[in-house]
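Single-letter residue listing:
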Amino acid sequence: MNTQNETFEAEDVLSLAAAWKAAGEDVALATVTETWGSSPRPAGSQMAVSLSGRMAGSVSGGCIEGAVAEAARKTIATGAPQLLDFGVTHERAWEVGLACGGKVKVFVEKLG
Amino acid sequence: MTPETLARLQAARAAKRPIVRATRLPDGTERLLPDPDADPALNAAARAALRADAAETVEIGGERWFLQVFNPPPRLAVVGAVHIAQALAPMAAGLGFGVTVIDPRGAFATTERFPGVTITTAWPDEAMDAFAPDSRSAVVTLTHDPKLDDPALDAALRSEAFYIGALGSRKTHAARLKRLRELGHDEATLARIHGPVGLDIEAVTAPEIALAILAEIVAVRRGAAMGRKAAA
């Protein structure tokens, strides 16, 4: 007797994003491609964003998700991918950065 | 990511086939690897990333490629569809493990008690043959019954399973090791068994014991010092 697990695997952001896309939503995928220092999430960490405002996964400890979601909406609109840099090097305190002192690169692309 | 790439990627993952999605930065040109038509250096980098089970950005021929690794999920075989297993199975699934519960006693191994996990009611020796533990597998025995636990431990010790744990007191464990020694396992092999199972957090309830077991599995998988406590 065998029954198969039908639920999504832990942190399977790609499958969630694919499901949103299949349901007719416009979706962008953000992926951490490189990290330096004490960045909270390793390379490969993903976050999916839909134009309707859904979000899943993470690319940091919550520090840059807002800015990445904004970039994702732009990529959905233009279709052009973006390679974003986040770190503590921003001179102005109100810019988005990582309080932990780490640096990350995040690649944002449209799905489908 | 094109719809075609997404479909091929999801098909490979559904078939539990390891695959790497390579993305050229910053323009987003994509490849699925390994691919006989791709640059051999790119294929070699993809295979290394799969072995390391970690995404990375590499520079090849003056181009920067981000390699996203999709290995099949690690697996956990739980022998004994007992109360602790009912706590262990959903917690392990939440940590990303594909869980198989093995118990020939059909009254225990029911989908009502174990919703959403793979259940097999074959005898543990047959069930372990089918499970075929590899280096990304963990095996935990929970029955306390040598008839059920021993064949599973015997099979696990003959495999590359990265974690083997057996529930039972120190006394039970010493008797278990004696029986397994008689099956021909040497001391170094027997030392692979974590028994008593789990990190020592004074766990009492079934969910607490499940937490202790999973914490130990994660510690071993990630190479933490506390995962290397001497067995028995």
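Residues numbered from 1 in each chain as written. Chains lettered and ligands numbered in written order. Predicted model: local features only at pLDDT ≥ 70, side-chain atom pairs only at ≥ 80, totals over all residues. Heavy atoms only, no water.

### Focus on the sheet that holds strand β2 (residues 46–50) of chain A
All names here are of chain A. An order of β3-β2-β1-β5-β4 is seen for the 5 strands of this open sheet, with the pairing classed as antiparallel. The open sheet is flanked by β3 (55–57) and β4 (82–86), the only strands paired with a single partner. Taking the axes of each pair of neighbouring strands and ignoring which way they run, one obtains an average angle of 20° across the sheet. The pairing of β2 with β3 spans 3 bridges and is classified as antiparallel. Following the sheet pairing, Met 47 is matched in β3 by Gly 57. Strands in contact with helix α1 (residues 13–22) are β1 (27–36), β2 and β3; relative to β2, the strand with the most contacts, it is inclined by about 15°. Together, β1, β2, β3, β4 and β5 (103–110) form the strand contacts of helix α2 (residues 65–78), whose direction differs from that of β5 by roughly 30°. (Pairing = 2+ DSSP bridges. Helix = DSSP H or I, 4+ residues; strand = E, 2+ residues; numbered from the N terminus. Axes fitted to C-alpha atoms, helices over the stretch in contact; angles between N-to-C directions. Contact = heavy atoms within 4.5 Å.)

### Topic: the interface of chain B and chain A
Contacts between the two partners involve 34 residues from chain B and, on the opposite side, 26 residues from chain A. Across the chain B/chain A interface, buried area totals approximately 2,200 Å², and carbon plus sulfur atoms make up 54% of it. Our count for the contact surface shared by chain B and chain A stands at 3 salt bridges. Where Arg21(B) meets Glu109(A), a salt bridge forms, and the shortest distance between an N and an O atom there is 2.5 Å. Across the contact surface, chain B and chain A share 9 residue pairs in polar contact (both at pLDDT 80 or more). If one sorts the elements of the side of chain B that touches chain A by residue count, helix α1 (residues 3–14) of chain B sits on top with 5 residues. Looking at side-chain class alone, the side of chain B that touches chain A contains 15 nonpolar, 13 polar and 6 charged residues. (Buried area = accessible area lost by both parts, 1.4 Å probe. Salt bridge = Lys/Arg side-chain N within 4 Å of Asp/Glu carboxyl O. Polar contact = N/O pair within 3.5 Å; in protein donor to acceptor, adjacent residues only side chain to side chain. Nonpolar A, V, L, I, M, F, W, Y, C, P; charged D, E, K, R; others polar.)

### A short note on α1(A)
Burial in α1(A) covers these residues: Val13(A), Leu14(A), Ser15(A), Ala17(A), Ala18(A) and Trp20(A). Of the surrounding secondary structure, the elements contacted by the buried residues of α1(A) are β1, β2 and β3 of chain A together with α1 and β4 (63–70) of chain B. (Buried < 20%, exposed > 50% of the residue type's maximum accessible area, 1.4 Å probe, protein only.)

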